[in-house]
Amino acid sequence: MAMTASGLRAAPSAAFVVDARTGEVLHAKNADTRLHPASLTKMMTLYIAFEAIEHGEISPETLVKISSHAASEPPSKLGLRAGQRIKFKYLIRAAAIKSANDAATAIGEALEGSEAAFARRMNRTARAMGMNRTTFRNANGLTEEGHLSTARDMTILARHIVYDYPGYYNIFSRTNDDAGIRQVYSTNRRFLGSYSGADGIKTGYTNAAGYNLVGSARRGQERIIATVMGGRSTAARNAEVAKLLDLGFRKAPTRVAMRMPQKPPYLTGPARLAPVPPVGNAPAVALLARSLRPQARPGIPAPSDEMIAALAADVSTAVSAAKAELTVPAAAPAAPEASPAALAASLLPRARPGRAQPPATPENAPAGAPSQIAAAAADTPPTLELASADATLQTEIVSRLSSSGGRYWGINVGNYGSRYQAERVLLRTALQEMGILDNALRKVVQGRRGFEANFVGMTEAEADQACRRLQSHGAACNTFGPPS
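Residues numbered from 1 in each chain as written. Predicted model: local features only at pLDDT ≥ 70, side-chain atom pairs only at ≥ 80, totals over all residues. Heavy atoms only, no water.

Caption draft 1: Expanded view of the overall build of the protein chain. For the protein chain, the helix and strand inventory stands at 15 helices and 13 strands. Total accessible area on the protein chain stands at roughly 21700 Å², and carbon and sulfur atoms take up 53% of it. (Helix = DSSP H or I, 4+ residues; strand = E, 2+ residues; numbered from the N terminus. Areas by Shrake-Rupley, 256 points an atom, 1.4 Å probe, with all protein chains shown as cover.)

Encoded structure:
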């Protein structure tokens, strides 16, 4: 192995070829040697981004605020600036097509709050896929101690992208696209333009890794995926992948029973706290069944039952005061309260993969894009108001009055089997997160699925920040806005 200018050893070469339809191995060389994956890492970052959109965790139209950490990532990069806001879909395009490091880091921070937390999610997802010799340390693949994978594991990941999110896979075949602030051009366009049937998937290069490529091609009913790690140059790497794909098409049968990979579970809420098995031949991660109630931060004891009881008494007192203050004279018409059904309808929609207009250039024949989801509510939505105090008391518990007027956003922290359980969770959560929930109202709404535990009377920014904070502690949380 040759020494590089950075002092790190260049990787030995590794190769792996599979029939994508069945996962059958057609060729392997150093397939389980742990090497630097470089930007092949972004396949996992993008897989999780597709997963998050699919489950309504984020929308392609969501504006993401760029951190100084993301903006400072070295090239290749989109050129994001700290404090800038850009749509999530543009970050996906930049990371997939241009292999932009700043965009990949911004994706991780948007979904998990920090790159370190996102790396933990990457590793959980990798274990669930059976990528047992991979450890991710960052979202972009820049060289970092312990950030390693194998040709076999990268091929497993590529196969999951192809079959788990086919509506999004076409992004890897585009030679250029609009990334919001500029056009981006594919780092893989030479291979895409030279190999018949090629439609993806991802390149990678660093001094420590050498030239990496996971290539996928389809001819008729056959699809082959070939991975090369540690290539000497772009041309040599592309030629090697082409040779391996040719080998795969020769060996693979024309017709075969499809055996798609099993889609890993979507790990949300406390399930994300499941421990990640050590690298090796350990089985895929087992989900940990735990309560959906928010967990206390380290060093802060959970409130006692006596404190809960005392606070509950304070709630009753506050409700009585609210009832007396909010009593409306009979002659004055009361403003209608938003119904539980209307509040439920205002929850963020779950995005589903869709297909958009194809690029205009001939090179971009594989068309489609992640689903385009309409922008959120108008700039000045109406303020939620209470109806009569008697009507309100039948459906909610309010701990204090709000004088904010324009605070029409809220968060939901779960649905529970009884009002008591929902109230208890709200009290515990409010005590544990006083800094971000101090100005919010606690509200329990009975719905078809049980008793919704909500914090309301927040600005959109406060609701978003509160949800991210709770989710970083493993708690379930969704934001919602005013009825449209």
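Having seen it, we continue.
Caption draft 2: Geometry of the pattern of salt bridges. All told, the structure shown has 12 salt bridges when counted by the stated rule. Notably, a salt bridge pairs arginine 121 with glutamate 112, separated by 2.8 Å at the nearest N-O pair. Glutamate 112 sits in the buried class, given a relative accessible area of 12%. Salt-bridge contacts for lysine 243 lead to glutamate 240; the nearest nitrogen and oxygen are separated by 3.4 Å. Of this pair, lysine 243 and glutamate 240 are both found in helix α9 (residues 234-251), three residues apart, which corresponds to roughly one turn of the helix. A single network of salt bridges, built from pairs that share partners, joins Glu51, Glu57, Glu112 and Arg121. (Salt bridge = Lys/Arg side-chain N within 4 Å of Asp/Glu carboxyl O. Buried < 20%, exposed > 50% of the residue type's maximum accessible area, 1.4 Å probe, protein only.)

Caption draft 3: Here's a closer look at the side chain of glutamate 115. With respect to the helices and strands, the residue glutamate 115 is situated in helix α5 (residues 115-129). Within the buried set, glutamate 115 has no salt-bridge partner at all; the shortest N-O distance to an opposite charge, 9.2 Å, is to lysine 42. Discounting residues that sit within four places of it in the chain, glutamate 115 has contacts with His69, Glu73, Thr105, Glu109, Asn138, Ala139 and Asn140. (Lys, Arg positive; Asp, Glu negative; His and termini not counted. Contact = heavy atoms within 4.5 Å.)

Caption draft 4: A look at the environment of methionine 229. Tracing the sequence through the fold places methionine 229 in strand β9 (residues 222-231). Separated by 16 residues in the primary sequence, methionine 229 and leucine 213 have C-alpha atoms spaced 6.6 Å apart. Leaving out residues up to four positions away in the same chain, methionine 229 has contacts with Pro12, Ser13, Ala14, Leu35, His36, Pro37, Leu40, Ser149, Thr150, Ala151, Tyr211 and Asn212.

Caption draft 5: Here's a closer look at helix α6 (residues 151-164). Over its 14 residues, α6 runs 20 Å from end to end, which matches the ideal 20 Å to within 8%, given 1.5 Å per residue. Of all 14 residues in α6, 12 are buried; the element is thus mostly enclosed. Those residues of α6 that sit buried are Ala151, Asp153, Met154, Thr155, Leu157, Ala158, Arg159, His160, Ile161, Val162, Tyr163 and Asp164. (Expected span 1.5 Å × (residues − 1).)

Caption draft 6: Summary view of α5. Here α5 contains 15 residues, and its C-alpha end-to-end distance of 21 Å stays within 8% of the 21 Å for a straight helix at 1.5 Å per residue. Of all 15 residues in α5, 13 are buried; the element is thus mostly enclosed. Taken from the residues just after α5, glycine 130 is the one with a positive phi, measuring 90°.

Caption draft 7: Up close: the sheet that holds strand β7 (residues 198-206). Reading across from one edge, β2-β1-β9-β8-β7 is the order of the five strands in this open sheet, with antiparallel pairing throughout. Single-partner strands in this sheet number two, and they are β2 (24-29) and β7. Going across the sheet, the axis of each strand differs from the next one's by a mean of 5°, ignoring polarity. Here eight bridges tie β7 to strand β8 (residues 210-219), and the two strands are oriented antiparallel to one another. (Pairing = 2+ DSSP bridges. Axes fitted to C-alpha atoms, helices over the stretch in contact; angles between N-to-C directions.)

Caption draft 8: The arrangement of the packing of helix α1 (residues 42-54) against helix α3 (residues 88-98) in detail. Put simply, α1 and α3 touch, their axes get as near as 10 Å, and they point 155° apart. Taken as axis vectors, α1 and α3 run roughly antiparallel relative to one another. Between α1 and α3 lies a crossing whose hand is left-handed. When α1 is examined against α3, the residues Lys42, Leu46, Ala49, Phe50 and Ile53 are found in contact with a partner set consisting of Phe88, Ile92, Ala95 and Ala96. Tallied by class, residues from the contact of α1 with α3 come to eight nonpolar, no polar and one charged. (Parallel < 35°, antiparallel > 145°, perpendicular 65-115°, else oblique. Left-handed = near helix turned anticlockwise from the far one by under 90°. Nonpolar A, V, L, I, M, F, W, Y, C, P; charged D, E, K, R; others polar.)

Caption draft 9: Just the environment of asparagine 478, in detail. For asparagine 478, the position within the fold is in strand β13 (residues 478-480). Taking C-alpha positions, asparagine 478 is 6.5 Å from cysteine 467, a pair spaced 11 residues apart along the chain. Residue contacts for asparagine 478: discarding those within four places in its chain leaves Gly410, Ile411, Asn412 and Cys467.

Caption draft 10: Examining the state of the cysteines more closely. Applying the stated rule across the entire model yields one disulfide. In this model cysteine 467 forms its disulfide with cysteine 477; the gap between the sulfur atoms is 1.9 Å. Because the torsion about its S-S bond is -95°, the bridge between cysteine 467 and cysteine 477 counts as left-handed. Of the two residues, cysteine 467 sits in helix α15 (residues 460-472) while cysteine 477 sits in the loop between α15 and β13, which places them 10 residues apart along the sequence. This pair shows no difference in class: cysteine 467 is buried, exactly as cysteine 477 is. (Disulfide = S-S within 2.5 Å.)

Caption draft 11: Up close: unusual backbone geometry. Cis geometry is found at the peptide bond from proline 75 to serine 76, where omega equals 5°. Here the bond from glycine 200 into isoleucine 201 is cis, since omega is 15°, no more than 30 degrees from zero. Notably, asparagine 30 is not glycine yet its phi reads approximately 50°, a positive angle. Residue asparagine 30 is classed as partly exposed on the basis of its relative accessible area, which comes to 37%. Even without glycine at this site, serine 99 takes up a positive phi of about 60°. Among the secondary structure elements, serine 99 is positioned in the loop between α3 and α4 (101-112).

Caption draft 12: Here's a closer look at the pairing of β8. Within β8, seven of the 10 residues are buried, leaving the element largely enclosed by the surrounding structure. Counting the residues that bridge the hairpin from β7 to β8 gives three residues. Examined bridge by bridge, β8 and β9 share eight bridges and lie antiparallel to one another. What sits directly across from leucine 213, in β9, is valine 228. A loop of two residues connects β8 with β9, the two strands running antiparallel in sequence, and glycine 220 in this loop sits at a positive phi of about 65°.

Caption draft 13: Representation of the packing of aromatic side chains within the structure. Tallying each qualifying case throughout the model produces eight aromatic pairs. Ring centres of tyrosine 169 and phenylalanine 172 lie 5.9 Å apart, and the angle between their planes is 40°; on these two criteria the pair is classed as tilted. Aromatic ring contacts, followed pair by pair, group Tyr47, Phe50, Tyr165, Tyr168, Tyr169 and Phe172 into a single cluster. (Phe/Tyr/Trp six-rings, centres within 6.5 Å; stacked < 30°, edge-to-face > 60°.)

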